[in-house]
Amino acid sequence: MMTRPKLIWHGAVRCCRALTTLLTIYLTNSGCRLYYFICSPSVASLEDRQLKLDRRNANLLANMLLRNGGTWIKAGQFLSTRPDVLPMAYIEALTPLQNQADSEPQQFIERVLQTAYGTNWKSRFSSFEMTAVYGASIAVVHKAVTNNGVPVALKIKRMDIDEMFSVDIKLYRFIAYLVSMIYRKFDFISAVEVFLRALQRELDFEQEARNVLEIARQKHIAGIRVAELIPEYSCAQIVALKWVDGYPLIHYLESVGHTERKRILSLLQNSFIQQIMRFGLFQGDPHPGNFLVDESGNIFLLDFGLLNRISNRERLSYANILLAVLDGDLNRFSSALSAGGIVNLPEEAFSAKLTMLIKSASMTTTERLSNSEVEKLIKDLMNILNKHAVQIPDHFMMTGRVLITLTGLFHRFEIKPQAVEIRQVLFE
């Protein structure tokens, strides 16, 4: 494990790498604006040049986050859900950021197991695989079989991740302060604080264990399962779940036909609407790696480090939005968005586009859009948010992350979003 001075040194290196990347992005954007001022290019030429620059800079940002690793990858995933902060090119570059796949050293894993289960920890298992079966940004997963024959997945916190977070939290705030001094259009300091609060929750494995128990108590729609917690094997460094034999969501969707893909994606869509609208709590990190499909076609929800909650008042705002869309009442729809806490929204343009998207994606209607039309609508909406510096409450951004993820899956597998079974989701 790293000493405190070494942690600070590595933190400083990550910070310098981040500042260098952000400075490069700032200078290239400034140079491009100077070119526009001097040369006065056509609108089409200007937009094309800006798009190419945004894509290049977005890739620089994504690569920096990958090199820094750990919580910085989480930061990239968080930023990929903030169209109110970043242009669309950045959202596209950051969205594919996947969790790390490397293992932790065997000595470290053994030390954690010894701390958790005692010096005779091996007696608690009939078998233990030292090679991680999955690696994420803050944890690795090892497969084992308990001494009473129960296969388990042990999610083990990465080495020094808590200590790294205690160093990085200061660096994130410092960078946010610098960026906010240069780019005043958005409140980067508040955005970073939202991210840090979410990350701190994900690092609390004891809270995650409680989250698993809480979400498992809910009455999910048929076909949705929650991996079972093994409390006696869980602790501050480990979350133990009963092993699920299944296929990662993406692999499963790639191996089946169109009809089954449509069923699985519709099931996932309905599940999240149920979690948000009925339970008032939902899985806050909905990337595909957090879902498995078993041989019976059930979807298992795996990761609840971030379990987001929606207050009754916020759920009411979603209900009002839903009813306004069903009735096709744009004025009431705009009022519902404003009542939900959205500020600076250009109501007419945004409401019309969002209503069209929601109707196509989730309502019982014949107004179906193609995947390319849905993708264009989402890009238009994100550009509106960015252009007008729209301020969006955290709960809308959290649910928006779900929408972006699900829409991306529908688009990737060329499935048209299906009508939501409102009665099943909310009442049965």
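Report follows, based on the coordinates. (Residues numbered from 1 in each chain as written. Predicted model: local features only at pLDDT ≥ 70, side-chain atom pairs only at ≥ 80, totals over all residues. Heavy atoms only, no water.)

1. Considering the overall build of the protein
Then comes step 1: Across its full length, the protein holds 16 helices and 11 strands.
Then comes step 2: Counting the 428 residues in the protein, one finds 51% classified as buried.
Then comes step 3: Contacts spanning at least 24 positions in sequence make up 69% of the contacts within the protein whose residues lie at least 6 apart.
Then comes step 4: Surface exposure of the protein reaches about 20,500 Å², of which carbon and sulfur atoms provide 56%. (Helix = DSSP H or I, 4+ residues; strand = E, 2+ residues; numbered from the N terminus. Buried < 20%, exposed > 50% of the residue type's maximum accessible area, 1.4 Å probe, protein only. Contact = heavy atoms within 4.5 Å. Areas by Shrake-Rupley, 256 points an atom, 1.4 Å probe, with all protein chains shown as cover.)

2. Regarding unusual backbone geometry
Then comes step 1: A positive phi angle is found at D160, which is not glycine, with a value near 65°.
Then comes step 2: Considering the arrangement of structural elements, one finds D160 in the loop between β4 (151-157) and α6 (161-182).

3. Some thoughts on helix α7 (residues 188-202)
Then comes step 1: In this model α7 runs 21 Å from its N-terminal to its C-terminal C-alpha over 15 residues, within 8% of the 21 Å that 1.5 Å per residue would give.
Then comes step 2: When α7 is considered as a whole, its buried residues turn out to be F188, A191, V192, V194, F195, L196, A198, L199 and E202.
Then comes step 3: Here the buried face of α7 lies against α3 (71-79), α6, α8 (205-216) and α15 (394-412). (Expected span 1.5 Å × (residues − 1).)

4. Side note on the packing of helix α10 (residues 258-279) against α15
Then comes step 1: It is at 10 Å that the axes of α10 and α15 come closest, and there the two elements cross at 175°. Between α10 and α15, the interaxial angle falls into the category roughly antiparallel. Two secondary-structure elements touch here, α10 through L265, S266, L268, Q269, F272 and I276 and α15 through T399, V402, L406, L409 and F410.
Then comes step 2: Considering only residue class, the contact of α10 with α15 consists of 8 nonpolar, 3 polar and no charged. (Axes fitted to C-alpha atoms, helices over the stretch in contact; angles between N-to-C directions. Parallel < 35°, antiparallel > 145°, perpendicular 65-115°, else oblique. Nonpolar A, V, L, I, M, F, W, Y, C, P; charged D, E, K, R; others polar.)

5. Thoughts on the packing of α6 against α7
Then comes step 1: Two elements in contact, α6 and α7, have axes whose closest approach is 8 Å; the angle formed by their N-to-C orientations is 165°. It follows from the interaxial angle that α6 and α7 lie roughly antiparallel. Read as a crossing pair, α6 and α7 show a hand that is right-handed. Note on element contacts: α7 touches α6 through F188, I189, V192, E193, F195, L196, L199 and Q200, opposite F165, I169, Y172, R173, A176, Y177, V179 and S180.
Then comes step 2: Partitioning the contact of α6 with α7 into residue classes produces 12 nonpolar, 2 polar and 2 charged. (Left-handed = near helix turned anticlockwise from the far one by under 90°.)

6. Topic: the sheet that holds strand β10 (residues 299-301)
Then comes step 1: Here we have 4 strands laid out as an open sheet, ordered β5-β10-β9-β7, and mixed in their pairing. Only two strands of the sheet have a single partner each, and these edge strands are β5 (224-226) and β7 (247-248).
Then comes step 2: With 2 bridges connecting them, β7 and strand β9 (residues 291-293) associate as antiparallel partners. If you follow P248 over to β9, its bridge partner there is L292.
Then comes step 3: Packed on one face of the sheet, α10 meets β5, β9 and β10 and runs near 40° to β10. (Pairing = 2+ DSSP bridges.)

7. Quick notes on the packing of aromatic side chains
Then comes step 1: Counted according to the given criterion, the structure contains 10 aromatic pairs.
Then comes step 2: Taking 5.6 Å as the distance between ring centres and 65° as the angle between the ring planes, the aromatic pair formed by Y117 and Y233 counts as edge-to-face. Remark: Y233 occurs in the loop between β5 and β6 (238-242) and Y117 occurs in helix α5 (residues 106-117); sequence separation between them is 116 residues.
Then comes step 3: Summarising the aromatic geometry, the rings of F125 and F128 are spaced 5.6 Å apart at their centres and angled 75° between planes, so their arrangement reads as edge-to-face. Of the two residues, F125 and F128, both sit in the buried class.
Then comes step 4: The residue whose ring lies beneath R124 is Y233, and the NZ or CZ to ring-centre distance is 4.5 Å. (Phe/Tyr/Trp six-rings, centres within 6.5 Å; stacked < 30°, edge-to-face > 60°. Lys NZ or Arg CZ within 6 Å of the ring centre and 35° of its normal.)

8. Topic: the side chain of D54
Then comes step 1: Structurally, the position occupied by D54 is in helix α2 (residues 43-68).
Then comes step 2: Comment: no salt bridge for buried D54; closest opposite-charge side chain is R55, at 8.4 Å.
Then comes step 3: Sequence-distant contacts of D54, that is, excluding residues within four places in its chain, are made with N29, P87, A89 and Y90. (Lys, Arg positive; Asp, Glu negative; His and termini not counted. Salt bridge = Lys/Arg side-chain N within 4 Å of Asp/Glu carboxyl O.)

9. So, the pairing of β4
Successive side chains on a regular strand alternate, one facing one side of the sheet and the next facing the other.
Then comes step 1: In terms of burial, β4 is largely enclosed, as 6 of its 7 residues are buried.
Then comes step 2: Relative to β4, strand β3 (residues 139-146) runs antiparallel, the two sharing 7 bridges. Of the residues in β4, the one forming a bridge with K143 is A153.
Then comes step 3: Two successive antiparallel strands, β3 and β4, enclose a turn made up of 4 residues, where G149 displays a positive phi of approximately 85°.

10. Details of the nonpolar core
Then comes step 1: Core analysis: the largest hydrophobic core is formed by 96 residues, its most contacted members being L249, L268, I299, L337 and F350.
Then comes step 2: Of all the elements, α6 adds the most residues to this core, at 9 residues.
Then comes step 3: The contacts of F350, once residues within four sequence positions are left out, are L337, L345, L381, I384 and L385.
Then comes step 4: Counting 18 residues, the second-largest nonpolar core is a separate cluster that includes V112, F128, A144 and Y233. (Core = buried A, V, L, I, M, F, W, Y, C linked by side-chain atoms within 4.5 Å.)

11. Describing the state of the cysteines
Then comes step 1: Using the criterion set out here, one finds 0 disulfides in the structure.
Then comes step 2: Sulfur of C16: no disulfide; nearest cysteine sulfur belongs to C15 and is 5.8 Å away.
Then comes step 3: Judged by relative accessible area, which is 49%, C16 ranks as partly exposed. (Disulfide = S-S within 2.5 Å.)

12. Points about the pattern of salt bridges
Then comes step 1: If you walk through the whole model with that rule in mind, you get 10 salt bridges.
Then comes step 2: The partner of E193 in a salt bridge is R173, with the nearest N and O atoms 2.8 Å apart. Residue E193 is found in helix α7, and its partner R173 is found in helix α6; the two are separated by 20 residues along the sequence.
Then comes step 3: Exposure remark for E193: the relative accessible area of 23% places this residue in the partly exposed category.
Then comes step 4: Owing to a relative accessible area of 39%, R173 belongs among the partly exposed residues under this scheme.
Then comes step 5: One network of salt bridges, in which partners are shared, links K74, E202 and D285.

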